[in-house]
Structure formats: C-alpha cells, structure tokens
There are 2 protein chains.
Amino acid sequence: MSKYWSEVTRSIEPYVCGEQPKDKKYVKLNTNENPYPPSPKVLEAIKNAANGDLRLYPDPNCDKLSETIAEYYDLDRKQIFIGNGSDEVLALSFLTFFNPGETIIFPDISYSFYPVYADLYKINYKLAKLKENFSIFVDDFLTENGGVVIPNPNAPTGRCLDVASIKKILDYNSNKVVIIDEAYIDFGGVSVVNLIKEYPNLLVIQTLSKSRSLAGIRVGFALGQEELIDGLNRIKNSFNSYTIDRVAAIAAVEAIKDEEYFRECASKIIKTREEVVEKLTLLDFNVIPSKANFIFTAHSTYPASELFTRLREKGVLVRYFNKNRINNYLRITIGSDEEMNYFIEKVKEIIND
Amino acid sequence: MSKYWSEVTRSIEPYVCGEQPKDKKYVKLNTNENPYPPSPKVLEAIKNAANGDLRLYPDPNCDKLSETIAEYYDLDRKQIFIGNGSDEVLALSFLTFFNPGETIIFPDISYSFYPVYADLYKINYKLAKLKENFSIFVDDFLTENGGVVIPNPNAPTGRCLDVASIKKILDYNSNKVVIIDEAYIDFGGVSVVNLIKEYPNLLVIQTLSKSRSLAGIRVGFALGQEELIDGLNRIKNSFNSYTIDRVAAIAAVEAIKDEEYFRECASKIIKTREEVVEKLTLLDFNVIPSKANFIFTAHSTYPASELFTRLREKGVLVRYFNKNRINNYLRITIGSDEEMNYFIEKVKEIIND
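Definitions and limits used
- Residues numbered from 1 in each chain as written.
- Chains lettered and ligands numbered in written order.
- Predicted model: local features only at pLDDT ≥ 70, side-chain atom pairs only at ≥ 80, totals over all residues.
- Heavy atoms only, no water.
- Helix = DSSP H or I, 4+ residues; strand = E, 2+ residues; numbered from the N terminus.
- Rg over C-alpha atoms; globule rule 2.2 N^0.38 Å.
- Buried < 20%, exposed > 50% of the residue type's maximum accessible area, 1.4 Å probe, protein only.
- Contact = heavy atoms within 4.5 Å.
- Areas by Shrake-Rupley, 256 points an atom, 1.4 Å probe, with all protein chains shown as cover.
- Buried area = accessible area lost by both parts, 1.4 Å probe.
- Salt bridge = Lys/Arg side-chain N within 4 Å of Asp/Glu carboxyl O.
- Polar contact = N/O pair within 3.5 Å; in protein donor to acceptor, adjacent residues only side chain to side chain.
- Nonpolar A, V, L, I, M, F, W, Y, C, P; charged D, E, K, R; others polar.
- Domains from an automatic or database assignment.
- UniProt positions renumbered as here; feature names shortened; annotations may be inferred.
- Least-squares fit on C-alpha atoms with pLDDT ≥ 70 in both.
- Axes fitted to C-alpha atoms, helices over the stretch in contact; angles between N-to-C directions.
- Parallel < 35°, antiparallel > 145°, perpendicular 65-115°, else oblique.
- Pairing = 2+ DSSP bridges.

In terms of regular secondary structure, chain A is built from eleven helices and 13 strands. Its C-alpha atoms give chain A a radius of gyration of 20 Å, within 12% of the compact-globule value 20 Å for 353 residues. When its C-alpha atoms are laid out on the principal axes, chain A stretches across 60 × 50 × 50 Å. Looking at the 353 residues of chain A, the share that counts as buried comes to 64%. Here the analysis covers contacts within chain A between residues at least 6 apart in sequence; of these, 72% occur between residues at least 24 apart. Here chain A displays about 13,200 Å² of accessible surface, and carbon together with sulfur accounts for 48% of that area.

The following block contains the structure:
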C-alpha cells in the first residue's frame, strides 16, 4: 500500500486473468483461445499494413471496421462501437450507463471481471443467484435496479439463456441498459443482435478474441441503438481517442469479412466439444450443457482442485476457480481434436491412478 | 442526451482530437506525427508477427517490452508501465494517483485532454496561469494540491521547463504524485528520467507516437518507482488486462532497440524546425522557442484563424485552438523539408495576398 495511491487504487481487488505460462509448453486449455489460427486473409492484411503509414494516427472512429461489422449484422454504422478488446468495451460501458451508488445486477457465477468494473467506478451490485444447475432465474432480474449484465452463453458455465427470457428482462428494465455479453455466442448460441431495433436499452457486446481466433489483436465491439453508441463514444473520447491501432483495425476488417473461414473453425470446435462431452460423461463427469468454446465440468468423485494440479503436472492447463459453489468444477477450453485427445488421455491416467 | 446515459456521460465534454481528413490529400501538419516512417526493423518485425500465434492472448504484463525500455533507460523492469498510447497511460494515472474531490494543478495552456480526464473521474483542478511568454510560474505549483501534471515540453507551446524547476516542484510536493508528460522530450528537451531514483513521487510518461514514428501502433509508457508502477497495474488490471496487442508489443520492442534510426529522424526534425523558425521569423511571425516536433506561432498582423482556414484551402492542415489567450496562435507540426517548404510557400502566398 503506497501513500501515493488514490483511494480506489487502495481498495480495488484487480481481476486475475488466466495464466500465460512461460516455463514450458502446455496444452493450453485455460483461457478460451481458439485452437485454429486467424484467417490467412487476416495475416496477409497485417503484412500489408506494415508500412510507413504507421507513423500516422489511426482513424479514431474506426469507420471502415464499423461499416464492415454493420454490414455483417445488417445494422447501421452508427450502431457500432469498437474497443480494445471486449474487456475495454465492458469497462467503458459500466462507466457510460451505470451510476455510482445505484445497484446493478449480474449472475453470482459469471465473468469475474464484472464486480471489478463495478468496484472501479463505485457502482453497487447485486448477485443474482443461479439455480443449482447454473441456469438463470429470470425473476431475479425483474426487480428495480440500475442496470443488468448477463453473459450469454454464461462464463464459466457455458449455459445459454433463451431469447424469450432475455426479452422479458429487456421489457421489465425498459429504463435501464441491459448488457448482453456475447463473447462466446458464435459456438452454438442464439444472438439477440436482431432485438436491437426493438429495444433501445439493449447493448450487445462481442469480441474477435474467441470465434475469430484473434485474442492476440484486441478488438471487441458493442452493438446497440445510436444513443447508446453515442454515449460510449462520449466516454471513450474522454479516456483515449485512439484505442484501436492501424494494424488491429485492418486485421479485424478481414476477420469479419472472411465469414466462411470463421464458420468452418467454429463448426469444428462445436463438433470437438460434443465429442469431448460424450467422453467425459462416460468417465463419470457431470458436464454443464455448453454453447461456448469451453465446458464446465465436475467429476463424480475426483476433486477438481487436485485434477487441476495433476493435469498441470502432465502439461495440460485448464482453469480452476477456487470460489464458493464452483470450487469442484473445471473450465476446459475446447482445443483441437489432437489436444483434446491428449487431455482425455491424461484425465484417464489421473482418475484411474 | 439519453436517459440511458450515466451522470458522468451526460456531464462530460469529450476531448476532440486533431482532424484526420478523408476528403483529400493534405500536407498534414496538425497532429504532431513524425514525417519519417518507422524503423525498417519495426516493419519487418510486424510482418513476422503475422502468424498463427495471434490466436493467443498477448502477455498482459508486456515483459519483453518492459525489459527493453528498462534497459534503454537503465531502470528496473518493475519501474515500467505500458499502456495503449500515452493517452491511456495518462487516463489510468489520473485514476491511480488522484482522488475525487481533491484539487490537482496543471498549466492553463497545456494538453487539453487533462481537464477531460479530471472531469471523467470527478477530480478538481486548478489551472496554473502561464506567463505572457507561455513559460511556467514555478511558484504556482508550490501550493497545497492533490497532484501535479506538467507536459515537458509543454503542448501546444513547445516550451521546456528546466530540470532545477522540476526538482523544486518535486521537492515541495513530496507527498503527491507529480506527472511529467514527456511525449515530446526527444526533440531537444532534457528528460527527468534520471530523477526517478531520487523521487518516489515522480512519474514520467512517454510515447512511441512521436519520436519513434509509431502513432499508428498505440504504445505509451510510464516510468517511476515500483510503488507507483504497482498502483498503475492495479488500476489497469481492474479495467483491461490485455491493453497491448501482440503486434504492437513486438513493434515497440524493435522501435526502442533501433536507437540509431530514431536519433537520426529526431535530428532531422530538429534541424528542419530551426530552419522553419528562421523563415517564419523573417515573415514577421513570433515563434515560441520549441523543443518539440511542432512550433507555436502567431503572425504580427495576420489573424491565426484566417491563416488556418486559408492554409486548409491550399491543402495544408495545421492546428488552431479557438481558446482564450491562444486564439491568435497556430500549432504547426514539423514535417519533412519538402512539406515545410510547401508550407512556407503557401504562408507567403497568403500573407502577401
């Protein structure tokens, strides 16, 4: 604790991201990265962007990228906000739409960055307790609040909420912003992007980190009616005018445009996921039904914390959260078939040891 | 104004950055970009970074880049904080070190983003009025305050503050953080980086946007004792874990390492600047002594606002601030010799018209 720190610096408990190990090569199933490389068109575009123009500032409004995303989703260019990864988009959204002192709601088991953003900006929050099977009690979100955040599919559970339930939440909270964090939507979930025209209070947040294999390039975006996007731009332009660099913007455009490649990778991951679920079920794991590029699972007898440690020793990294209600679960990213076969093999070794 | 906006979104007046025109090709002397391309080694490194690893998250701590900067400045790796451009580093610094309700001090004529950051976080500020010649009254900073921010060289004036004066300010404010924003330090100013070991309250902020010709890649950094850097990391990790993408980090490492190329470009700009100052002086301009890659100047009779407009018509963009005390000045970025000759020629045409 330093005397130079502000009050919020002293009190905040920062987010801890999944390990990025440097000690050795792991089968890395701990940060929900895509096992497949970005589209070859993306890599080609980055090479072409390595030129003298990098001496110039980027377009602060990311017009070309916004237009590309707008076209992809059949929205208006003014309904798109771009940020330096969906984490930044979320952080700016909390500040743009939620007031200090008011109480927002999100699930008790969800992305563990949400409470950190809330604390950073002195926004109160209420945790909506998920059911035993980790599904959402819709009624919990039908109470007075200062805003709602729901990841769909939820992380780390992988569970999806149906569109009808989301509509119910949007209808009830018509005077408050409802953020649907669709970071993992492309692996089998149903997006609510097409509800945007109906609901001025709906903000959908997505990312290129997962389904577009671009975690290394940091581009996320928010979709919503123009007044919400205007608000985000006001806050962004009071924080950092140029959040997206020239190379990232160019890479992102190509990633969105190469829909065929993206669909192919996402389909492969979904297929692998279903095979892994089947194999784990046969090994006495309970797997929460997942529409994400990860699964959340507990073995009937083998403690998750031990399984986590032993997998690590065997060169497989998965994610373990030592938190109430989920401390017997592991979150396992879906890698390539080869990686997942290796993972299953190691799991068998450990539980049969 | 939307009912969905938070109180701060409603009240904030966002920063407006220099125009990035798309209508036609200009001689662009309005955003202090470097006229020379980035080092060829930077461009080569970016090309090599366009590979499958972009599917993976970057190193959230930017270890390699921090080590490279530490080595360059003979500091410890733990004395380096990296951000998505120095604007982000500044924004995070305001939140990390300054408290809402307390009053920080910065010059009345300085980087116009400072009051925006302060407003964003509800930090009060007092403007230290520069002298008529735009130099700083040191005594203004020797009063009780919640922190100090001084750009050195100052922007948009280009004036440098001497090291002895900065030491006086650091000594007086030993319990508060003093931020020296050295965005433009490499064009002839004297950095206070070597005061860091003596002053636990000193935070120096620099950028790769100007002297390293990398405005398009968004990398800035802060240098200070470990407890200040720890504080910045606490806030960064409560906002966005991965602010620097893989490509930017790799490009930045090469930019710092290619010191010879950087020195050569900076020297050329300084030489051009001095020639431009001489020519403008002969044309009856008052030019504030500059240690930056821009100059701040007023003509003895020709109004700056008109000169700005007429230069624009002739394809030359410079920066005009329609603000009290400086609304008869233009800020002109130092471009290549060719660009500056064109600029001088157009100025002559206009004032002799």
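Moving on, we come to the interface of chain B and chain A. Each partner contributes residues to the interface: chain B has 84 residues there, and chain A has 84 residues. For the pair chain B and chain A, the summed buried area comes to about 7,000 Å², and 57% of that belongs to carbon and sulfur atoms. Connecting chain B to chain A are zero salt bridges. The tally of links from chain B across to chain A stands at 44 residue pairs in polar contact (both at pLDDT 80 or more). Listed by contribution, the elements that provide at least two residues to the side of chain B that touches chain A are helix H1 (7-11), helix H2 (40-49), helix H4 (86-97), helix H5 (114-120), helix H7 (226-236) and helix H8 (246-257) of chain B. Counting residues per element, the side of chain B that touches chain A draws most heavily on H4(B), at seven residues. For the side of chain B that touches chain A, a count of residues per class yields 41 nonpolar, 24 polar and 19 charged.

Let us look at the domain arrangement of chain A. Residue and element names in this part refer to chain A. Domain boundaries in chain A define domain 1 (7-37 + 260-351) and domain 2 (40-258). The centre of domain 1, based on its C-alpha atoms, is set 24 Å off from the matching centre of domain 2. Counting from both sides, the interface comprises 35 residues of domain 1 and, opposite them, 36 residues of domain 2. Looking only at domain 1, the three residues that lose the most surface to domain 2 are Tyr15, Phe262 and Arg325, adding up to 27% of its buried area. At the junction of domain 1 with domain 2, the criterion picks out two salt bridges. Of all the secondary-structure elements, those providing two or more residues to the side of domain 1 that touches domain 2 are helix H1 (7-11), helix H9 (259-282) and strand E10 (294-299). Looking at the side of domain 1 that touches domain 2 residue by residue, the classes come out as 19 nonpolar, six polar and ten charged.

Turning next to the UniProt feature "modified residue: N6-(pyridoxal phosphate)lysine" (unreviewed entry) in chain A. Mapped onto this structure's residue numbering, the UniProt feature "modified residue: N6-(pyridoxal phosphate)lysine" (unreviewed entry) falls at A:Lys210. If you trace the backbone, A:Lys210 turns up in the loop between strand E7 (202-207) and strand E8 (220-223). Relative accessible area serves as the criterion here: at 6%, A:Lys210 is assigned to the buried category. Other than its neighbours up to four places away in sequence, A:Lys210 contacts A:Thr31, A:Asn32, A:Asn34, A:Ala183, A:Tyr184, A:Phe187, A:Asn293 and B:Tyr57.

This part is about the relation of the copies chain B and chain A. Superposing chain B onto chain A takes a rotation of 180 degrees combined with a translation of 0.0 Å along the rotation axis, leaving an RMSD of 0.0 Å. Taken together, these values place the two copies in the relation of a two-fold axis. Judged by C-alpha distance, B:Lys47 is the residue of chain B that lies nearest the rotation axis, at 2.3 Å. Counting the interface residues of chain B, we find that 100% of their copies in chain A are interface residues as well, pointing to one common contact surface.

Our focus in this paragraph is the packing of helix H4 (residues 86-97) of chain A against helix H7 (residues 226-236) of chain A. Residues and elements named next belong to chain A. Put simply, H4 and H7 touch, their axes get as near as 9 Å, and they point 105 degrees apart. Looking at the two axes, H4 sits roughly perpendicular to H7. The residues of H7 that touch H4, namely those facing Val89, Leu92, Ser93, Leu95, Thr96 and Phe97, are Leu228, Gly231, Leu232, Ile235 and Lys236.

Attention now moves to the packing of helix H9 (residues 259-282) of chain B against helix H11 (residues 337-351) of chain B. All names here are of chain B. At a minimum axis separation of 10 Å, H9 and H11 run at an interaxial angle of 10 degrees. Taken together, the axes of H9 and H11 are roughly parallel relative to one another. Between H9 and H11, the residues in contact are Thr272, Glu275, Val276, Lys279 and Leu280 and Asp337, Met340, Asn341, Phe343 and Ile344, respectively. Taken together, the residues of the contact of H9 with H11 break down into five nonpolar, two polar and three charged.

Moving on, we come to the pattern of salt bridges. All names here are of chain A. Per the stated rule, a full pass over the model turns up 31 salt bridges over all chains. With a shortest N-O distance of 3.2 Å, Glu102 and Lys176 are connected by a salt bridge. Highlighted residues: Glu102 in the loop between H4 and strand E3 (103-107) and Lys176 in the loop between helix H6 (163-172) and strand E6 (178-181), separated in sequence by 74 residues. A relative accessible area of 29% means that Glu102 is categorised as partly exposed. For Lys176, a relative accessible area of 26% corresponds to the partly exposed category.

Residues and elements named next belong to chain A. The residue after Ala155, namely Pro156, is reached through a cis peptide bond having omega 10 degrees. Positive phi values are uncommon outside glycine, yet Cys62 reaches one of about 50 degrees. A relative accessible area of 8% places Cys62 in the buried class. You will see that Asp284, though not glycine, has its phi angle at about 75 degrees, which is positive. Mapped onto the elements, Asp284 comes out in the loop between H9 and strand E9 (285-287). Take Asp284: its relative accessible area is 49%, and that puts it in the partly exposed class.

Here the focus is the sheet that holds strand E12 (residues 319-320) of chain B. Residues and elements named next belong to chain B. Here four strands make up an open sheet; going across it, the order is E9-E10-E13-E12 and the pairing antiparallel. Unpaired on one side and paired on the other, strand E9 (285-287) and E12 mark the two borders of the sheet. Strand direction decides the pairing type here: strand E10 (residues 294-299) and strand E13 (residues 330-333), joined by four bridges, are antiparallel. The partner of Thr297 across the bridge, within E13, is Leu330.

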